[in-house]
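Breakdown of the fold
Residues per chain are reported as follows:
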Amino acid sequence: MNYLIQLTATGIAIGAIYGLIAMAFALVYKSTGLINFAQGEVAMMVAYLTWAFAGQFGSGLIGVAVFTIVAGMVLGLVIERLLIRPMMGEPIFSIVLVTIGLAVILRSLVLLIWDASPHPMGIEAASELIRIGNLNMRAGQVFVIGLMGALLVASWAFFRYSRYGIAMRAVADDDRTALLMGVNTARVQAVAWAASSTIAGMAGVCFAALYDISPDIYSIGLKAFPAAILGGLDAVLGSAFGGIIVGLIENMTGGYMSSTIKEISGFVLIVGVLMIRPSGLFGQREIERV
Amino acid sequence: MRSGNFKQNVGELIALTDSKSVATWSCLLMVALIGAPMVLDAHLLGLVTVILFTLVGALGLNILMGYTGLVSLGHVGFLVLGAYGYAVTVGIHGLHPLLGFLMAGIVPAIAGVIVGAPSLRLKGIYLAITTMAFAFIINTAILEADFITNGSSGIFLPRPTMFGISFKSDAAFYWLCLFFAVAALAVTLNIRRSRIGRAFMAIRDNDIAAQSMGINLIAYKLLAFVMSAFMTGIAGALFGVYLSFVTVEGFTFHLTIEALAILVVGGLGSALGVVLGTILIVLLPEITGVLLSLTGDAAQEVMATKAFEVRNILYGVIIIGFLRFDPTGLVGIWKDVQRTWVNWPLKY
């Protein structure tokens, strides 16, 4: 029983990281209709930049947090400006291919600049043990669950109350009409990219702080695909929920079955979900007009 | 007097080429390719061999993505299944290599039906993700089924001997690859001008319209997956024989990206484009090596230690560059050059 509770708790923690990345997927998908295949790589890049920053200027928590947010935003804006905006009006498939190209570049850049071996992130506070009842959790795990909760509330409020959030929903609904109503769609997309890269970057840094930094971190992007699809690609809050479920399923299969099955449990889940309900649990059904 | 180049019957309209010079040049190229092993040294011959079997796989992907417009990010799955289809038949059970090549096509084709099934409901990005998921699932399935596949320890593959001919020498293996590449090219070119190819392209352009014209979407989408998987599987078998050792690690997800790069760089949906794209992408490491050798020592040192990363970055840059600046790919550039050459000095 205790084992089950332990698995559940760590599953929720890793699920929260997937959930954050899935939120990042959903933000971009909602405002531009494309999937950023480089999301995991963006998370990795931000994590590496933060690691380099922490190595240079010390790993004070506030400094690291501020740097992560800034690095994520800048990276997102640069990608949007250099690669995505010039492709506006091209078929979605071409833009998706551009993000695949970007993924390859970022992955190799990390290997080119740094090396392939794992390093500790150097944030000791993350691995302090916290006991809740019989449960052993690391501070970083508790933090990331809290972070996801906070971001969930923040993004709900953002979409509900802020001008940009409402504009983003308008663009997602119908970008041409939104443009005619005076919404600056290009800027809305830039904000979406910045926000998505920041959230992905936070997830990357949290993951690196918990499990060391290595060039394999990009695979959390692959793991978050199932989460985003399960929740519904256009549902930001739903994706976060999907992340928790994928994290739990992964941890359960890993704990009770085998580690190879753990690796693909998410992918098996996507295939199932897509066959039965392609729009995910919370997504809007896409209706195509002939 | 003829005032233009008119097609007078269907046969002329769907002929592979109406130009004598294209036919002549193709024959000359064929002769040159057959004679190549007499002239080329081992290194160059190896490169051309790689180009040939890569071409088989890229043409396979082209049937699916270029003709039918179904995006697959899971073709490395078919590649690895093809390699294992051959390796299990020939390497473990010692059966006839011809049967091995047949299995290398049939096993992925069966998987193609399974992977293709979701394509009947899914489109675009969703399909891409599903196929990618299948590629990972296939890898794990091969590792888990170690009673059939030797699991993670891999299978050694000697070069085959068929019909009393040994393919041990590099030249003989080159001819084998040339045979498969020419066959694949012939299939691709001929599909395009048949009922099946026209149905594929109709599905690509608008599947709902295609359906209302009486095209059976289920049958043709599955057929596209099966044909594509079959050809990719053959390429996988050739790749396995070339490496002489088959493991799951030999077929990384990176190969899918390489295949995508070939299609994008060459120009989607054109057989000539696939050929040009394959040549460029396979030769890319060589080209960059030559370019970097012109620069200083520092660059060469980077190339020596981090060659793989530099090459990957170049793949990425080339994919993005072509998509951004010339979506028609090399085949588009080739057509532009041809037009300029014919019309020069006039603009058109």
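Calculation criteria
Residues numbered from 1 in each chain as written. Chains lettered and ligands numbered in written order. Predicted model: local features only at pLDDT ≥ 70, side-chain atom pairs only at ≥ 80, totals over all residues. Heavy atoms only, no water. UniProt positions renumbered as here; feature names shortened; annotations may be inferred. Helix = DSSP H or I, 4+ residues; strand = E, 2+ residues; numbered from the N terminus. Rg over C-alpha atoms; globule rule 2.2 N^0.38 Å. Buried < 20%, exposed > 50% of the residue type's maximum accessible area, 1.4 Å probe, protein only. Contact = heavy atoms within 4.5 Å. Areas by Shrake-Rupley, 256 points an atom, 1.4 Å probe, with all protein chains shown as cover. Lys, Arg positive; Asp, Glu negative; His and termini not counted. Charge placed at Lys NZ, Arg CZ, Asp CG, Glu CD. Buried area = accessible area lost by both parts, 1.4 Å probe. Salt bridge = Lys/Arg side-chain N within 4 Å of Asp/Glu carboxyl O. Polar contact = N/O pair within 3.5 Å; in protein donor to acceptor, adjacent residues only side chain to side chain. Domains from an automatic or database assignment. Expected span 1.5 Å × (residues − 1). Patch = residues over 30% accessible without salt bridge, like charges linked within 9 Å, V, L, I, M, F, W, Y side chains within 5 Å. Pairing = 2+ DSSP bridges.

Going by the annotation in an unreviewed UniProt entry, the name recorded for chain B is Branched-chain amino acid transport system permease protein, with Thalassovita taeanensis given as the source organism.

As annotated in an unreviewed UniProt entry, chain A carries the name Branched-chain amino acid transport system permease protein and is attributed to Thalassovita taeanensis. Comment text from UniProt for chain A, heading Subcellular location (unreviewed entry), reads "Cell membrane". In UniProt, chain A has this text filed under Sequence similarities (unreviewed entry): "Belongs to the binding-protein-dependent transport system permease family. LivHM subfamily."

Within chain B, the secondary structure is distributed over 16 helices and four strands. Here the C-alpha radius of gyration of chain B, 21 Å, is about what a compact globule of 348 residues would show, namely 20 Å. For chain B, the residues scored as buried account for 49% of the 348 residues in total. Looking at chain B alone, contacts between residues at least 24 apart form 75% of all its contacts between residues at least 6 apart. With an accessible surface of roughly 16,700 Å², chain B has 70% of that area assigned to carbon and sulfur atoms. Side chains of chain B carry 19 positive and 16 negative charges; the gap between the two charge centres is 15 Å.

Turning to the interface of chain A and chain B, a few remarks are in order. In many reports, interface size means the accessible area that the parts give up when they come together. At the junction of the two partners, chain A supplies 42 residues and chain B supplies 36 residues. A per-residue breakdown of the area chain A buries against chain B is headed by Phe 93, Leu 97 and Leu 112 of chain A, which together make up 14% of the total. Run the count over chain A and chain B and you get zero salt bridges. Where chain A touches chain B, the interface holds zero residue pairs in polar contact (both at pLDDT 80 or more). Per-element accounting of the side of chain A that touches chain B gives the leading share, 15 residues, to helix H4 (residues 92–113) of chain A.

We now examine the UniProt feature "transmembrane region" (unreviewed entry) in chain A. All names here are of chain A. Here, the residues flagged by UniProt with the feature "transmembrane region" (unreviewed entry) are residues 6–27, 60–79, 91–114, 139–159, 190–213 and 225–249. Secondary structure content for residues 190–213 is 92% helix and 0% strand, and the end C-alpha separation is 28 Å. Strand forms 0% of residues 225–249 and helix 84%; the C-alpha atoms that close the span are 14 Å apart.

This part covers the domain arrangement of chain B. Residues and elements named next belong to chain B. By the assigned domains, chain B splits into domain 1 (41–251) and domain 2 (253–348). Placing a centre on the C-alpha atoms of domain 1 and another on those of domain 2 gives a separation of 23 Å. Each partner contributes residues to the interface: domain 1 has 26 residues there, and domain 2 has 18 residues. Summing the contributions of domain 1 and of domain 2, the shared interface buries around 1,800 Å²; its carbon and sulfur component is 82%. The interface formed by domain 1 and domain 2 includes zero salt bridges. Counting the contacts that link domain 1 with domain 2 gives four residue pairs in polar contact (both at pLDDT 80 or more). For the side of domain 1 that touches domain 2, the secondary-structure elements that each account for two or more residues are helix H3 (42–67), helix H4 (75–92), helix H6 (124–144) and helix H8 (170–192). No other element matches H3, which puts 13 residues into the side of domain 1 that touches domain 2.

Moving on: helix H5 (residues 97–116) of chain B. Residue and element names in this part refer to chain B. When the terminal C-alpha atoms of H5 are compared, their 28 Å separation across 20 residues agrees well with the 28 Å that a helix rising 1.5 Å per residue should span. Where H5 is concerned, the buried positions are Pro 97, Gly 100, Phe 101, Ala 104, Gly 105, Pro 108, Ala 109, Ala 111, Gly 112, Val 115 and Gly 116. Taken together, the buried residues of H5 touch H4, H6, strand E2 (161–162), H8 and helix H11 (217–243).

What follows covers a nonpolar patch on the surface. There is a patch of nonpolar side chains on the surface, built from Leu 95, Leu 99, Leu 102, Met 103, Ile 106, Ile 110, Val 113, Ile 114 and Phe 230 of chain B and spanning about 720 Å² of accessible area. Take Phe 230 of chain B: it is sitting in helix H11.

In this section: the pairing of strand E2 (residues 135–138) of chain A. Consecutive side chains along a regular strand alternate between the two faces of the sheet. All names here are of chain A. Of the two faces of E2, only one is covered, namely that formed by Leu 135 and Met 137; the face formed by Asn 136 and Arg 138 stays uncovered. Summarising the sheet, strand E1 (residues 129–132) and E2 pair through four bridges and their orientation is antiparallel. Residue Arg 131 lies in a different strand from E2, and its bridge partner there is Asn 136. Between E1 and E2, which pair antiparallel and follow one another directly, the connecting turn spans two residues, one of which, Gly 133, has a positive phi of 65 degrees.

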